[in-house]
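If you want the building blocks of each chain, they are given just below.
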4 protein chains.
Amino acid sequence: MINVKIIGCGGYGGLGLVELLLRHPQAKLQTLVAATETGMPMSDLYPHLKGFCDLPILPPDHPDAQAPADIVFFSTPDGVGQRGAAAELAKGSKVIDFSGDFRFNSADTYAEYARRIGKDPVHKAPELLPETVYGLPELNRAAYRPGQRLVGNPGCFAMSCLLGLAPAARANLVDPASLICDCKTGVSGAGKKPSPGHHYPARYENMGAYRLSGHQHVMEVEHLLGVLAGEPMPVTFTAQVVPVTRGILSSLYGTLRPGVTEDDVRAAYHAAYDAEPFIRLFDRTAAIGTAHVRGSNFCNLIVDVDERTRRLRVISHIDNLMKGQAGNAVQNMNLLFGLPETLGLDHPGAYP
Amino acid sequence: MINVKIIGCGGYGGLGLVELLLRHPQAKLQTLVAATETGMPMSDLYPHLKGFCDLPILPPDHPDAQAPADIVFFSTPDGVGQRGAAAELAKGSKVIDFSGDFRFNSADTYAEYARRIGKDPVHKAPELLPETVYGLPELNRAAYRPGQRLVGNPGCFAMSCLLGLAPAARANLVDPASLICDCKTGVSGAGKKPSPGHHYPARYENMGAYRLSGHQHVMEVEHLLGVLAGEPMPVTFTAQVVPVTRGILSSLYGTLRPGVTEDDVRAAYHAAYDAEPFIRLFDRTAAIGTAHVRGSNFCNLIVDVDERTRRLRVISHIDNLMKGQAGNAVQNMNLLFGLPETLGLDHPGAYP
Amino acid sequence: MINVKIIGCGGYGGLGLVELLLRHPQAKLQTLVAATETGMPMSDLYPHLKGFCDLPILPPDHPDAQAPADIVFFSTPDGVGQRGAAAELAKGSKVIDFSGDFRFNSADTYAEYARRIGKDPVHKAPELLPETVYGLPELNRAAYRPGQRLVGNPGCFAMSCLLGLAPAARANLVDPASLICDCKTGVSGAGKKPSPGHHYPARYENMGAYRLSGHQHVMEVEHLLGVLAGEPMPVTFTAQVVPVTRGILSSLYGTLRPGVTEDDVRAAYHAAYDAEPFIRLFDRTAAIGTAHVRGSNFCNLIVDVDERTRRLRVISHIDNLMKGQAGNAVQNMNLLFGLPETLGLDHPGAYP
Amino acid sequence: MINVKIIGCGGYGGLGLVELLLRHPQAKLQTLVAATETGMPMSDLYPHLKGFCDLPILPPDHPDAQAPADIVFFSTPDGVGQRGAAAELAKGSKVIDFSGDFRFNSADTYAEYARRIGKDPVHKAPELLPETVYGLPELNRAAYRPGQRLVGNPGCFAMSCLLGLAPAARANLVDPASLICDCKTGVSGAGKKPSPGHHYPARYENMGAYRLSGHQHVMEVEHLLGVLAGEPMPVTFTAQVVPVTRGILSSLYGTLRPGVTEDDVRAAYHAAYDAEPFIRLFDRTAAIGTAHVRGSNFCNLIVDVDERTRRLRVISHIDNLMKGQAGNAVQNMNLLFGLPETLGLDHPGAYP
């Protein structure tokens, strides 16, 4: 069994891990750590877990919080993982971090990321950056090395965009200056902390754009697309929030290069994804929405070409708390431990 | 493996069974039958099942629909099971019916039920009634006989009321003329068929009472409570619908008999439920709601006494599609096949 | 024109007044005061008001906040109005308070109320209590004196219960020991301040009971019902919250006294309400819900008798922010100034 | 007073007119006509109107349905207005049609529109097309002639896109081949008829794209933008539905032509809209959403430039049932009768 420690267990990311790992045949929850709401059992914070996960929530400085584990998830904001990862790795643990801390392989790239989002550009564990991997197996599996021990779990918006655009980028199907990502997220993407904008009466019946001046996930999208395409791929990115709890719907646009046909497009996507267990391709007449990935680790894609305007249009659907976060993290854990990637994730969610 | 046939697979009851049985270690989905939307794979009707359940939906008269199974679920309206059960039993199957058809052991009681709800009072398979069992294991486990092959799965509202009131009835704690069940259900309780009242714009921001002249689940509540109490237990029952998809919240009231104390009440409920795997008791200060049973087979109960008015007040929470329907049906299946009741059901649901 | 000052303009109560008074032909918004979010225009806090109400939100100690007005609304929590009302009255203003501060006519009754809800039992302006009036015109219009200058606007739950039960109490139709109020509110009833329980992901798909140990509105219900009935009328009261923003649905129960008929019940309710502009009676087959009072000052009542159990059952529907708060307050203002009670309130709301 | 007849009163468009005209100081509801749910009072169909609009719903062939009115609204699907308008005009009425029937001035353009959406391309009243006007006053006021008697009220999506892009088109700020309209609508845009996709359990927690193969509103967007720009302006258009009842959020993109600055953009929008009573411009840091136009006739625009990618991005917010339909229609009525455009519309809606 894989012994698991979760740092930041009290948020939706940590909760998602707990729910998934309770049903995972090879994992055992061992240690739960958080900065707030400590001292109580996890099931006091989340009463549906009563009888399933009554482990105490330990403060970071509690002696039991230091116990080594086979894997440590940092389900924490930017800045926490880079301070704590080295110590956990030194105990022999593997580490998967949910923030931007380990999504880039160089201190320079990190510094640019941090500057864009107004954070301290100096990484606190630059020596670890060369060995981290951007944890999107479908696009980046080849970059996981034997013995890989550190993963930067991607941003939720970023995954929805990257999975939707990567085959087009890799096959150079679209004009690199033409990309637009119009993304809508459910409210859980903002985390569990109450705020005026997500108070129920303020959020129901209310959809709108936010962070128009720049979202923290843009850079990792541009970075990986650029690598795949072999040339810079800037994107215009719009983050929007709608009154659902789970789900990201990303509408992705790019102008087809001259000569590229709809058949070329379909071929590229099928080649990229037909063997992927968590990607399903749908045709533009399919009556699907985010409800059809809710609670599952799937990314459902509608790959479409608007013939009149010669634009590629991909509609990408994920559950932001699953493929967008904890589900993808468990997929990463499986990969790190040589297990089938689908272990504990091989289910369709619940509907309605 | 238990081979499973579902008749009425296209509704939410059938879908719930499919989702649960896909993850059940001892069950195998074999045959799906429905009266409408036939000919397509189940995953065309419910796209989240793509790759998980692509079985065809067969019309009832299709030859393959006649194949015997170890268990047949009739997830169908009143009147279907009583016409089809005998044939399935004759093939050696066990049968669990989701309607009122097999909730009573005598044709007379059934006739009274049918009359109350304006249906034909003549049961079509009266010879089966003596052997059927009211399928609420927590209250009625003793009534399941060795080799039990027929179960009437209770109504969702009825389960929420019975689980909440049974210990008080059995211990004769409340005045039998004082019972009130104020019940609120999510919209999925009305099934998947569109209707003007459950069209999204008509239902959002709208809660109200319905069927004030009499709800079909009242009689089974009164019947079992009466049996447990040894005297008639009439209930005033109010069905209400609120804009959630899953969940029943029932507030249950009864006036304490003279001399009954709050301690007597707590003792009765603990005695009844401490060993039950799917019942959790909470205290009146617990911040719980229907979200905490969503997707799980639990019934969470707050057992309270209003001292000023000497009234027992029980707040009962279930997921109407789980403990209120498919989850309870799988629990019944486990019981019929000698498996642990919790098999395939031992999880807390997903939150948020 | 009636010059209006609103103290506590930033909450939903104050906002409701602003919206109603903007369209009121005899009122003029003059001064807005709040304890937080001061210094900005009201339309920065509520952007839909841009161009309609750009008045600054003044802190209570700002000189302009002291300006006299024809009427001052205290849309503030318990304890604020009793400290500030005397000064406003001394300037010649009339005062309508939204809290429990002026809902009782004696310091003793207030003390009992305050004790029940855990507040300081010593009223800060006991000399004003003899002249205040419980501001529910439909039931209490006779108590408003000529020159009435002080009104305690009732609690939202209390109004929904009182309007539903008063005719039965007044006509002594029900056993006084039998009353149960099962009340469900929308989330706006908890105000605009974010909290973990009303964070969108925590509240959607979640209904539950709260404050089971005692709700602050119970006492005013019992008090007025007792006065109307001429004997004590204790109530068992259950507060529940459901994921809608606006609306209270109260299901009210009482056992009919021997000999009382359904005709007696109907006669009592028609006598009480046929001339009331804001009360509409519906029959138990009406397909109505809280959506049909949303945005309006109406209370819609279904008056029903459950013949099997001889119980009166009234389903009461209001918009908690309108008849439950700001709408009723404007009705009170109209009454104090000798205007038609319906002025500025004579509209049906918006649907869907 | 303007006597009003509404044909198609039973849908959300007709209902919106009824609600607005009840409060309009110069209009009087006279005749309500519909093809279904006839014979009952309007207030039976919509109980919130009880006491406000109890007019009978007449079938089209009822003698009273033929009565002349000062204005006739056809709140009906494509094909109805073009069959009925001539008769109403002949009685001296003015006509405002809600469908695509009168949005184009030539039979050829209409035929192209009809073909795109799979309808009969032969217009039934081609003689009326030269005199109709595309009813978007903010962009097309100059085209209303003295005595104008026929108006094609625009499509809801079209209005949200046109109001957002017109100033850029008119000032030739963007590359004409670069336009993308990513549009999200609330469910009421699909009308009041129940359907599987908008059944509450299917629609809550579900956002998705639809009609990817072509939406009926695209052509009128391209048509007017082309006229304003003096060159063809093709758009890639994506319709999406999200679980809110009211609201359209359109994110509109275009690549700035070389040399165009952010100041040029702001100047163009201010010039176009500063004098418009129903357009409000917001800056990209404003925390606004569709809730802030809910129930009002406003279009709120965030006009933004993404400097990194040199793209114009406009976020356009309307209430699809108000500025997107009935509100704009009343604005048109005011214009036809020489009244201030804001009459009966000069209010901010209700929040929350």
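Bear in mind that the values here come from a model prediction, so they are computed numbers and not experimental data.

**Let's talk about the overall build of chain A**
Each helix and strand in chain A was counted, giving ten helices and 14 strands. A compact globule built from 352 residues should have a C-alpha radius of gyration of about 20 Å, and chain A, at 20 Å, falls within 12% of that. Its C-alpha atoms give chain A principal-axis dimensions of about 65 × 45 × 40 Å. Considering chain A as a whole, with its 352 residues, one finds that 66% of them fall into the buried category. A sequence separation of at least 24 residues applies to 69% of the contacts in chain A between residues at least 6 apart.

**Some details on the interface of chain A and chain D**
Opposite the 55 residues of chain A that make contact, chain D presents 55 residues. Both sides of the chain A and chain D interface together cover about 4,100 Å² of buried area, and 51% of this is carbon and sulfur. Among the residues chain A hides against chain D, the three largest losses belong to Glu205(A), Met207(A) and Leu212(A). Together they make up 20% of the total. Here chain A and chain D share six salt bridges between them. Residue Glu205(A) pairs with Arg294(D) through a salt bridge whose shortest N-O separation is 2.7 Å. Remark: the boundary between chain A and chain D carries 42 residue pairs in polar contact (both at pLDDT 80 or more). Per-class residue counts for the side of chain A that touches chain D are 25 nonpolar, 17 polar and 13 charged.

**Description of the domain arrangement of chain A**
Residues and elements named next belong to chain A. Partitioning chain A into structural domains gives domain 1 (2-153 + 323-336) and domain 2 (157-320). Buried surface at the junction of domain 1 and domain 2, summed over both partners, amounts to about 2,300 Å²; 62% is from carbon and sulfur atoms. Our enumeration of links across domain 1 and domain 2 arrives at four salt bridges. The tally of links from domain 1 across to domain 2 stands at twelve residue pairs in polar contact (both at pLDDT 80 or more).

**Describing the interface of chain D and chain C**
The partner chain C presents 31 residues to the 31 residues of chain D that form the contact. Buried area between chain D and chain C, summed over both chains or domains, comes out near 2,900 Å², and the portion from carbon and sulfur atoms is 62%. Sorting the residues of chain D by area buried against chain C places Arg23(D), His48(D) and Pro352(D) first, and these three jointly supply 24% of that buried surface. Linking chain D with chain C are zero salt bridges. One can count ten residue pairs in polar contact (both at pLDDT 80 or more) joining chain D with chain C. Take the side of chain D that touches chain C: its biggest share by element is four residues, from helix α1 (residues 12-22) of chain D. Grouping the constituent residues of the side of chain D that touches chain C by class yields 18 nonpolar, five polar and eight charged.

**Concerning the relation of the copies chain D and chain C**
Expressed as a screw operation, the relation of chain D to chain C combines 0.0 Å of axial shift with a rotation of 180 degrees, fitting to an RMSD of 0.0 Å. Given the turn and translation reported, the copies of this chain are related as if by a two-fold rotation axis. Residues of chain D ranked by C-alpha distance from the rotation axis are headed by Ala350(D), positioned 4.6 Å from it. Comparing interface residues between copies, 100% of those in chain D also sit at the interface in chain C, which points to an isologous, same-surface contact.

Conventions used here
- Throughout this description, residue numbers start from 1 for each chain and increase along the sequence as written.
- All chains are assigned letters beginning with A, and all ligands numbers beginning with 1, in the order in which they are written.
- In view of the model being predicted, local features appear only for residues whose pLDDT reaches at least 70, and side-chain atom pairs are presented and counted only at 80 or more, with totals across whole chains, interfaces and linings using the full set of residues.
- With hydrogens and water set aside, each side-chain value is computed from the structure's full complement of heavy atoms.
- The numbering of helices and of strands both runs from the N terminus, where a helix is a DSSP run of H or I of at least 4 residues and a strand a run of E of at least 2.
- Throughout, radius of gyration means the C-alpha value; the globule benchmark is 2.2 Å times the number of residues raised to the power 0.38.
- Three exposure classes are used, based on accessible area relative to the maximum for each residue type with a 1.4 Å probe and protein chains only: buried under 20%, partly exposed in between, and exposed over 50%.
- By definition in these notes, contact holds between two residues if any of their heavy atoms fall within 4.5 Å.
- What counts as buried area is the accessible surface, traced by a 1.4 Å probe, that two parts surrender upon association, with contributions from both included.
- By convention in these notes, a salt bridge is any Lys or Arg side-chain nitrogen within 4 Å of a carboxyl oxygen on Asp or Glu.
- Each polar contact in these results corresponds to two N or O atoms within 3.5 Å; when the atoms are within protein, one needs to be able to donate a hydrogen and the other to accept it, and residues that are neighboring in sequence are counted only if both atoms are side-chain atoms.
- Throughout, the ten residues Ala, Val, Leu, Ile, Met, Phe, Trp, Tyr, Cys and Pro are labelled nonpolar, Asp, Glu, Lys and Arg are labelled charged, and all others, Gly among them, are labelled polar.
- Where a domain begins and ends is set by an automatic assignment or by a domain database.
- Only residues with pLDDT of at least 70 in both copies count here: their C-alpha atoms drive the least-squares fit that superposes the copies.

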